[in-house]
2 protein chains.
Amino acid sequence: MPDLIASVTVQDIRFPTSLEKDGSDAMNKAPDYSSPYVTVTTQAGLIGHGITFTVGRGNNIVASSFGPDIEVIFSDFAGFCEVTHHVKTRSDPLWKLLVDMEPEKLVSTIDFRYLEDALTKEEAIAILKSMQEGKAEREKEMKENGYPAYTTSCAWLGYSDEKIIRLCEEAMAEGFTRFKMKVGSDLQDDKRRAQILRQTMKPEHLLMVDANQKWEVQEAIDWMRELVHFNITWIEEPTSPDDVLGHAEISKALKPLGIGVATGEQCQNRVMFKQFLKSGAMQFCQIDSCRLGGVNENLAVILMAKKYGVPVCPHGGGVGLCEYIQHLSLFDYIAVSGSLENSCSDVVLHLYSHYKQIIFFSSFNGYSQVPGYSIDMKSTSLEEFEWPTGKERQDLFQKGIYKPDNEAIGPLWYLYN
Amino acid sequence: MPDLIASVTVQDIRFPTSLEKDGSDAMNKAPDYSSPYVTVTTQAGLIGHGITFTVGRGNNIVASSFGPDIEVIFSDFAGFCEVTHHVKTRSDPLWKLLVDMEPEKLVSTIDFRYLEDALTKEEAIAILKSMQEGKAEREKEMKENGYPAYTTSCAWLGYSDEKIIRLCEEAMAEGFTRFKMKVGSDLQDDKRRAQILRQTMKPEHLLMVDANQKWEVQEAIDWMRELVHFNITWIEEPTSPDDVLGHAEISKALKPLGIGVATGEQCQNRVMFKQFLKSGAMQFCQIDSCRLGGVNENLAVILMAKKYGVPVCPHGGGVGLCEYIQHLSLFDYIAVSGSLENSCSDVVLHLYSHYKQIIFFSSFNGYSQVPGYSIDMKSTSLEEFEWPTGKERQDLFQKGIYKPDNEAIGPLWYLYN
């Protein structure tokens, strides 16, 4: 007897991160990290959650678009329940479920449409089979050491110099050896801030920079030439995330300087990743757990990255993303890439406390041992931050910092200042 | 004293086109051509309209996303009102406003961000200046002859052979000499239908085909080789609309066969067009008036197409699109390209009667002489087709053909058959 879905609800959850400029960058001056939060309950009492990530404005529109998906679930109860049932009986975290899946079974979950000129089903199976050896050792290694992570949390664009130094020192004390700095608004300011970070970090530590799509193609090349003596590992999102050919040109120009190009967090599908990977336009593949069409599409990209020899460094700068990507990184290392060279995942610490599973351990991303995809939020956080009824929200409305009657407008301090 | 906005309303308008399979293709088996319909009214009584185009499901989500834009308008009344005021005082149709604008003024309306490696502001001004000569003659020519159009209306994928022949003959009687056929579901069926069309058309008439993104890259090349003796002018959307490199590969393979690649209706921004144009991935540039960010972004693409020598053939297969694109095509010919070689616009006749300005004259797209962008709908159409309250809709609900309580689900005959 199948266990049918009893209810599906969507909540509009928004954190007022813009007040402290957490998450601020060259393109998003006042993001309120937010997510529609979906709860699916079955008649037998199974509960599942899912989110996506937005910067606040329009979170309601994304939440409203869950409608059609729910209808699809309703129209195929059996198929959907098989999935939930499967996970339940396995009692595994998602990464473990993926790692242990037979190559043929795993590949059957991937949509290979439009990928034939880059990766066939047969090639994908061959990759997975070739990596069976050593899986147990790599799993053990991950359990002991964790998956390497870098931090963006100490150098958002809006932070003061004092705050950058303090946060960088704190991160080093927690074991971090890789740091990312936001750039792209002012070259002299970027140089000053890079200098501060390089003086605070140890010489062997890695420094990455992120322009959040700020530049033209040639401008990106010229700007990065100016930063070259800070020993930059990668420049992230130098220009429009849709510009494959532009990224290829930037990659070619920066290669002799030892700077790679990282991008992917705004790549909307596997076809864009296919082009970036095939044309040498990305040297670091930054998959995003929410931008792509779920886990399945991320599997396709992870396998393509392996074929083209590009390390996978998932994007975690958001809310809930780090919780998700631990699973993708663990799967990538244990079952696909087998290498940690140049691989690391993004860790952003400022909102993790809203989730039930605390997954961060100093300088590496987590290693969940609980069934599922680690996205359950604490009920207290839901109560406080649901828009527009949450307690914290009501407080901000009363103080006049946010406006309750139009959810699209965002924080007033930004719009009217 | 500026004329302030008094109200902004959005209506969810859906036409049950799926019942007759109008608009059916290899990817959309049951589209209900639909549009959010925006009405802006000022205190002085000026009224403006705008739409975008969807295939029905999710039209409500698109309608709901107008929220933030309205806030932007509200936050800059002066700037917005200057625009409306300008149009009003000119009393010109949009195409005429654009054609008569000083090159510097016109170019100032374009966002050149991310385009610097393809087209600079200075190059755009130079293009417009170089085409000033002959503008009056071309405008006169358009008034007399109209802008050439082709028809897709006679060969949707779901039509019977008899219907194709009848509609093709009717179109020829109306003066059409260019026809487009949907392909991609079954090769033998495509051959049979192409044969029927070629037998009905005159030898000198042009035949284009449209695969609506159905194929892999190599599959597209192989399939088109099979259709080569039907003398095909272009293959439209052979694969994923995001696959610039794939389209470039297909273009290269089909060039020796005399078949061009047409795409663009699903290109979401000028950066994608930049890549398609620069890399030789499109031989026909199919801008879409609603997919891109308004008129301004279309101007950028029209100017880039001129620089790369690619004819502009706007996409009109939808509701309201033909009404819009007449303006873009007229501007392109009169002020930018100065050539009709290989240029033609898409004309889809099945919904034009809902608009106040009838713009179709047999085999060419219209020549509006009324102020604005030709998108005012008849009040009777709004009353009949507004979802879910319209009269025609209520009738379809009562007959059990559509389900009123979930606007996302679409026609029942499709979902449950």
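Higher on the page you've got the structure.
What you are looking at is a predicted structure, and each value in this text was computed from that prediction instead of being measured.

## Some details on the overall build of chain A
Okay, step 1: The secondary structure content of chain A amounts to 17 helices and eleven strands.
Okay, step 2: Buried positions account for 58% of the 417 residues belonging to chain A.
Okay, step 3: A separation of at least 24 residues holds for 72% of the contacts in chain A among residues at least 6 apart in sequence.
Okay, step 4: Counting every atom, chain A has about 16,400 Å² of accessible surface; 52% of that belongs to carbon and sulfur.

## Focus on helix 12 (residues 270-278) of chain A
Residue and element names in this part refer to chain A.
Okay, step 1: With eight of nine residues buried, helix 12 lies mostly within the body of the structure.
Okay, step 2: Among the residues of helix 12, those classed as buried are R270, V271, M272, F273, K274, Q275, F276 and L277.
Okay, step 3: Residue N269 occupies the N-cap position of helix 12, its side-chain oxygen lying 3.0 Å from the main-chain nitrogen of V271.
Okay, step 4: Directly after helix 12, the chain includes G280, whose backbone phi takes a positive value near 70°.

## A few points about the interface of chain B and chain A
Frequently, the measure chosen for interface size is the accessible area that the parts lose on association.
Okay, step 1: With 36 residues of chain B in contact, the opposing surface of chain A contributes 35 residues.
Okay, step 2: Here chain B packs against chain A, burying approximately 2,900 Å² in sum over the two surfaces, 53% of which is carbon and sulfur.
Okay, step 3: Across the chain B-chain A interface, the total number found is two salt bridges.
Okay, step 4: Between D243(A) and K274(B) there is a salt bridge whose closest N-O contact spans 2.5 Å.
Okay, step 5: Counting the contacts that link chain B with chain A gives 20 residue pairs in polar contact (both at pLDDT 80 or more).
Okay, step 6: When residues of the side of chain B that touches chain A are traced back to their parent elements, those giving at least two are helix 1 (59-64), helix 2 (66-75), helix 11 (244-254) and helix 12 (270-278) of chain B.
Okay, step 7: When residues of the side of chain B that touches chain A are assigned to their parent elements, the largest contribution, five residues, is made by helix 12 of chain B.
Okay, step 8: For the side of chain B that touches chain A, the per-class residue count stands at 14 nonpolar, eleven polar and eleven charged.

## Remarks on unusual backbone geometry
Residues and elements named next belong to chain A.
Okay, step 1: Here the amide bond leading from W387 into P388 is cis, since omega sits at -5°, within 30 degrees of zero.
Okay, step 2: Structurally, P388 can be placed in the loop between helix 15 (379-385) and helix 16 (391-398).
Okay, step 3: Phi at N231 is positive, roughly 55°, even though this residue is not glycine.
Okay, step 4: Looking at where N231 falls in the secondary structure, it is placed in the loop between helix 10 (217-226) and strand 7 (232-236).
Okay, step 5: The backbone of N342 shows a phi angle near 65°, a positive value even though the residue is not glycine.

## Structural notes on the relation of the copies chain B and chain A
Okay, step 1: Superposition record for chain B on chain A: RMSD 0.0 Å, screw rotation 180°, translation along axis 0.0 Å. Taken together, these values place the two copies in the relation of a two-fold axis. Scanning chain B for the C-alpha nearest the rotation axis identifies I61(B), at a separation of 3.3 Å.
Okay, step 2: In this assembly, 97% of the residues forming the interface of chain B have copies in chain A that are likewise at the interface, indicating an isologous arrangement.

## Quick look at the packing of aromatic side chains
Okay, step 1: All chains considered together, the criterion is met by 14 aromatic pairs over all chains.
Okay, step 2: With centroids separated by 5.4 Å and ring planes inclined at 90°, the aromatic side chains of W387(A) and F397(A) adopt a geometry described as edge-to-face. Taken together, the residues span a long stretch of sequence, with W387(A) in the loop between helix 15 and helix 16 and F397(A) in helix 16 at a distance of ten residues. The pair formed by W387(A) and F397(A) is uniform in burial state, with each residue classed as buried.
Okay, step 3: In this structure, R14(A) is placed above the aromatic ring of W387(A), and the distance from its NZ or CZ to the ring centre is 4.5 Å.
Okay, step 4: Sitting over the face of the ring of Y159(B), K163(B) holds its NZ or CZ atom 4.1 Å from the ring centroid.

The rules behind the values
Residues numbered from 1 in each chain as written. Chains lettered and ligands numbered in written order. Predicted model: local features only at pLDDT ≥ 70, side-chain atom pairs only at ≥ 80, totals over all residues. Heavy atoms only, no water. Helix = DSSP H or I, 4+ residues; strand = E, 2+ residues; numbered from the N terminus. Buried < 20%, exposed > 50% of the residue type's maximum accessible area, 1.4 Å probe, protein only. Contact = heavy atoms within 4.5 Å. Areas by Shrake-Rupley, 256 points an atom, 1.4 Å probe, with all protein chains shown as cover. Polar contact = N/O pair within 3.5 Å; in protein donor to acceptor, adjacent residues only side chain to side chain. Buried area = accessible area lost by both parts, 1.4 Å probe. Salt bridge = Lys/Arg side-chain N within 4 Å of Asp/Glu carboxyl O. Nonpolar A, V, L, I, M, F, W, Y, C, P; charged D, E, K, R; others polar. Least-squares fit on C-alpha atoms with pLDDT ≥ 70 in both. Phe/Tyr/Trp six-rings, centres within 6.5 Å; stacked < 30°, edge-to-face > 60°. Lys NZ or Arg CZ within 6 Å of the ring centre and 35° of its normal.

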